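# Understanding the architecture of this molecule
Here is how the chains run, residue by residue.
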Amino acid sequence: MSYFLPESAPVLTAARGLALAHPGIVEVNSAPLYLRARAADPARRVALVSGGGSGHEPLHTGLLGRGGLDAVCPGEVFASPHNRQIYEASAAVAKSAGVLLIVKNYTGDVINFQIAAERLRHDGIPVATVLVDDDLATDSADSATGRRGTAATVVVEKLLGAAADRGASLQELQELGTRVVAQSRSVAVAARAQTSPTTTAPAFTLEPGVLDYGVGIHGERGIRTIARPSVDDLVRRMTDDLIDALPEGSDEVLALVNGLGATTELELHAVSSLLHDRLTERGLRPAVTIAGTYTAALDMAGFSLTLTRLDEGWVDLWTAPTETPLTLPRTVRPAGTSAAPAAAPAAQAPAPAATAGAAGGRIVLDRYAEVVAQVRDNLTKLDQLVGDGDFGDNLSGGVRRAVRLADETGIEGTAALAEAFLNDVGGTSGPLFGLFFKDLASAEPGDGQAPSVAALAEAAAAASAAINRVGGARVGDCTLVDALVPAAESLAAAAAGEPAGELAEAPLTTAAQAAIRGALSTASLRPRRGRASYVGDHALGVPDPGALAVALVFTTLAEVHEPTWATRLPAPGHLTTI
């Protein structure tokens, strides 16, 4: 969030901070404001100058230095720099063969850079301009302004910086920059607008479940609002639009995945993998793939994709060394290599005891998968109140793995859940649920029938003991044990023939009720185990998500094997809502 900019001179203050962090590379001129590189390659004959509104960092300032730009002119947030900034910065760093101005195609930038160029020519300084206009969302014959300049600016500045260090002339640099721009296209999407530094509120509002497609880097709304697809489908759509907009040429491309400020590295690298796959499907070879935040829109939650068709020699320019605050990835993928993961070891054949005719177990697995899908968001919200918010996703992901495992190998029921959670689900809850499911799997008779009450009682008690040995949790610690132990005790009582009131004929439903009561009781407990223990009294009033998930296992068993009696149990969505 953009909450922490100084009220007075925020851009100048940030510029000074950058210079403090990189004292051998960057120096600041305060009036007018511009940043300049302290050193340049002695072979450089032309200075490179760029700039634009602040809020896009590390764009421009990150590429200041040897192998990059000679000067950068930052405007106020999302506002173009004044022509005096550009003129004085250019005059200060001009080389023997002149100055090349790199300009993003926004009206304010274009006007001020053009005025600065006129002033430089009047002084006898050779000057030329490269206009970056890569945003395909604004490619319309009805617009006299033309396409916006966005993340392809990073590619242009890097390639031109390397070429300038090789002694290229002003004309050669302008021609190279123009070709790079012509062979580059970008498109961006957003799920949330940037935060206004003035109001500390989002600049515009998007309803849940939608995306703005074709947003700009100054927080401009997209060309359309779309229902949020899967990320795979979204990347496919964006990639297809980019390829269709690119001019014909080499099948070798540079692929840039750029975060708009609030998108995590995890997301960006995942998108880059999907992009790579789609490019290869379309017959293109991504020689260079870059993922990171390079052209931000303050803290907008979104990302852009940029493709550049590569000409001969451009890869060498990309891999040329730099001494700049931002270090761009320079690894190039040789022809014929793949980004695919290493092949996983062949799955072992499941043990006969786990696979023999467990039709009933598969029904339990499928029903539990439905229940978890319904309540995932509820469990996530509960975990956000008392922990780190990952429980809903971890549980849902583990159950989905179990379903895939059952489909692919024939392992059924809780055996598939046990294998998935023990082997593939991390965190605290994953392996503990694996122990729980492993013992429950031992109770399944393998003939499609309901497990016996005695077997379930023994399995639940064994799971409780195992979890206690591993993690030390006991009843009252506000963990999944608070639901598991009451269910185990209820089953043990039923197995021993002890009376169970009006539900004496429904031991699974009775056990589910006991688990539910135990799970709900955790709302009154101060957690003593797990991450919830770190938040102290803030956890009071919130039932433990793990305990609820255990209660839902027993609810599922009751729904499958005692469907008439199980109608007395609360609906999963109601149970997990506070």
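Residues numbered from 1 in each chain as written. Predicted model: local features only at pLDDT ≥ 70, side-chain atom pairs only at ≥ 80, totals over all residues. Heavy atoms only, no water.

## As for the overall build of the chain
- For the chain, the count of helices and strands is 19 helices and twelve strands.
- Across its three principal axes, the chain shows a C-alpha extent of roughly 105 × 50 × 45 Å.
- Long-range pairs, those at least 24 residues apart, make up 72% of the contacts in the chain with a sequence separation of at least 6.
- Accessible surface, the chain: about 24,600 Å² in total, of which carbon and sulfur atoms supply 52%.
- Positive and negative charge centroids in the chain, built from 45 and 65 side chains respectively, lie 6 Å apart. (Helix = DSSP H or I, 4+ residues; strand = E, 2+ residues; numbered from the N terminus. Contact = heavy atoms within 4.5 Å. Areas by Shrake-Rupley, 256 points an atom, 1.4 Å probe, with all protein chains shown as cover. Lys, Arg positive; Asp, Glu negative; His and termini not counted. Charge placed at Lys NZ, Arg CZ, Asp CG, Glu CD.)

## With respect to the environment of D139
- Among the structural elements, D139 can be located in the loop between strand 6 (127–132) and helix 4 (152–165).
- Given a relative accessible area of 45%, D139 falls into the partly exposed group.
- A polar contact is formed between the side chain of D139 and the side chain of R147, at a distance of 3.4 Å. (Buried < 20%, exposed > 50% of the residue type's maximum accessible area, 1.4 Å probe, protein only. Polar contact = N/O pair within 3.5 Å; in protein donor to acceptor, adjacent residues only side chain to side chain.)

## Some words on the packing of helix 14 (residues 453–471) against helix 15 (residues 481–495)
- At a closest axis distance of 8 Å, the pairing of helix 14 and helix 15 adopts a crossing angle of 150°. One finds that helix 14 runs roughly antiparallel with respect to helix 15. Here helix 14 and helix 15 pass one another in a crossing that is left-handed. Contact residues: V453, A454, L456, A457, A460, A461, A463, S464 and I467 in helix 14; V481, L484, V485, A488, L491, A492, A494 and A495 in helix 15. (Axes fitted to C-alpha atoms, helices over the stretch in contact; angles between N-to-C directions. Parallel < 35°, antiparallel > 145°, perpendicular 65-115°, else oblique. Left-handed = near helix turned anticlockwise from the far one by under 90°.)

## Brief notes about the pattern of salt bridges
- Counted by the stated rule, this structure contains 27 salt bridges.
- A salt bridge links R148 to D135, with the nearest nitrogen and oxygen atoms 2.7 Å apart. Of the two residues, R148 is situated in the loop between strand 6 and helix 4 and D135 in the loop between strand 6 and helix 4; the sequence distance between them amounts to 13 residues.
- Since its relative accessible area comes to 2%, D135 is described here as buried.
- Each of R236, D240, D244, R278, E281 and R282 takes part in a single network of salt bridges with overlapping partners. (Salt bridge = Lys/Arg side-chain N within 4 Å of Asp/Glu carboxyl O.)

## What about the packing of aromatic side chains?
- Applying the stated criterion across every chain yields a total of eight aromatic pairs.
- Judged by centre distance (6.2 Å) and plane angle (70°), the rings of Y368 and F437 are edge-to-face. One end of the pair, Y368, is in helix 10 (residues 359–386); the other, F437, is in helix 13 (residues 429–442), with 69 residues separating them in the sequence. Residue Y368 shares its accessibility class with F437, and that shared class is buried.
- Here the basic side chain of R119 rests over the ring of Y87, its NZ or CZ set 4.2 Å away from the ring centre.
- Of note, R237 hangs over the ring of Y213, and the distance from its end group to the ring centre comes to 4.5 Å. (Phe/Tyr/Trp six-rings, centres within 6.5 Å; stacked < 30°, edge-to-face > 60°. Lys NZ or Arg CZ within 6 Å of the ring centre and 35° of its normal.)

## A word on the sheet that holds strand 4 (residues 71–77)
- Pairing is mixed in the open sheet, where six strands are placed in the order 1-2-4-3-5-6. At either margin of the open sheet sits one strand with a lone partner, and together these are strand 1 (26–29) and strand 6. Each neighbouring strand pair of the sheet contributes to a mean axis angle of 25°, computed without reference to strand direction.
- Here two bridges tie strand 2 (residues 34–37) to strand 4, and the two strands are oriented antiparallel to one another. Bridge pairing links L35 to V72 in strand 4. (Pairing = 2+ DSSP bridges.)

## Structural notes on helix 15
- The terminal C-alpha atoms of helix 15 lie 20 Å apart, and with 15 residues this matches the ideal 21 Å at 1.5 Å per residue to within 8%.
- Within the sequence span of helix 15, burial applies to V481, D482, A483, L484, V485, A487, A488, S490 and L491.
- One or two steps after helix 15, the chain reaches G497, where phi turns positive at roughly 80°. (Expected span 1.5 Å × (residues − 1).)

## So, helix 17 (residues 545–561)
- In this model helix 17 runs 25 Å from its N-terminal to its C-terminal C-alpha over 17 residues, within 8% of the 24 Å that 1.5 Å per residue would give.
- Of all 17 residues making up helix 17, 14 are buried, and the element is well covered by its neighbours.
- In this structure D544 caps helix 17, since a side-chain oxygen of it lies 3.1 Å from the backbone nitrogen of G546.

## As for the nonpolar core
- Y368, F433, F436, F437, L484 and F554 are the most contacted members of the largest nonpolar core, which has 65 residues in total.
- Among the secondary structure elements, those contributing two or more residues to this core are helix 10, helix 11 (391–409), helix 12 (413–424), helix 13, helix 14, helix 15, helix 16 (507–521) and helix 17.
- Among the elements that make up this core, the one with the highest residue count is helix 17 (ten residues).
- When near neighbours in sequence (up to four residues on either side) are disregarded, F554 contacts F436, A460, L484, A487, L491, L508, A512 and A515.
- In terms of nonpolar packing, the next biggest core, distinct from the first, is built from 52 residues, L63, V130, A163 and L176 among them. (Core = buried A, V, L, I, M, F, W, Y, C linked by side-chain atoms within 4.5 Å.)

## Section: the environment of G283
- Counting through the fold element by element, G283 comes out in the loop between helix 7 (265–281) and strand 11 (285–292).
- Here the alpha-carbon distance between G283 and D251, two residues 32 residues apart in the chain, equals 7.1 Å.

## With respect to unusual backbone geometry
- Cis geometry marks the peptide bond from A31 to P32, where omega comes out at -5°.
- Tracing the backbone through its elements, the reader meets P32 in the loop between strand 1 and strand 2.
- Here the bond from E57 into P58 is cis, since omega is 15°, no more than 30 degrees from zero.
- Mapped onto the elements of the fold, P58 is located in the loop between strand 3 (47–54) and strand 4.

## Concerning the sheet that holds strand 8 (residues 210–213)
- Taken in spatial order, the six strands of this open sheet run 9-8-7-12-10-11, and their pairing is mixed. Only two strands of the sheet have a single neighbouring strand rather than two, namely strand 9 (224–227) and strand 11. Along the sheet, successive strands turn relative to each other by an average axial angle of 20°, direction set aside.
- Sheet strands in contact with helix 5 (residues 170–182) are strand 7 (184–192) and strand 12 (301–309), and its direction is about 55° off that of strand 7.
- Sheet strands touched by helix 7: strand 10 (252–259), strand 11 and strand 12. Its angle to strand 11, the strand with the most contacts, is close to 165°.

## Thoughts on the packing of helix 13 against helix 17
- In contact at an axis separation of 12 Å, helix 13 and helix 17 are set at 15° when each is read in the N-to-C sense. Regarding the angle of helix 13 to helix 17, the classification is roughly parallel. The crossing of helix 13 and helix 17 is right-handed. Contact with helix 13, carried on its side by F433, F436, F437 and L440, involves G546, A549, V550, V553 and F554 of helix 17 and no other residues of that element.
- Within the contact of helix 13 with helix 17, the residues separate by chemical class into eight nonpolar, one polar and no charged. (Nonpolar A, V, L, I, M, F, W, Y, C, P; charged D, E, K, R; others polar.)

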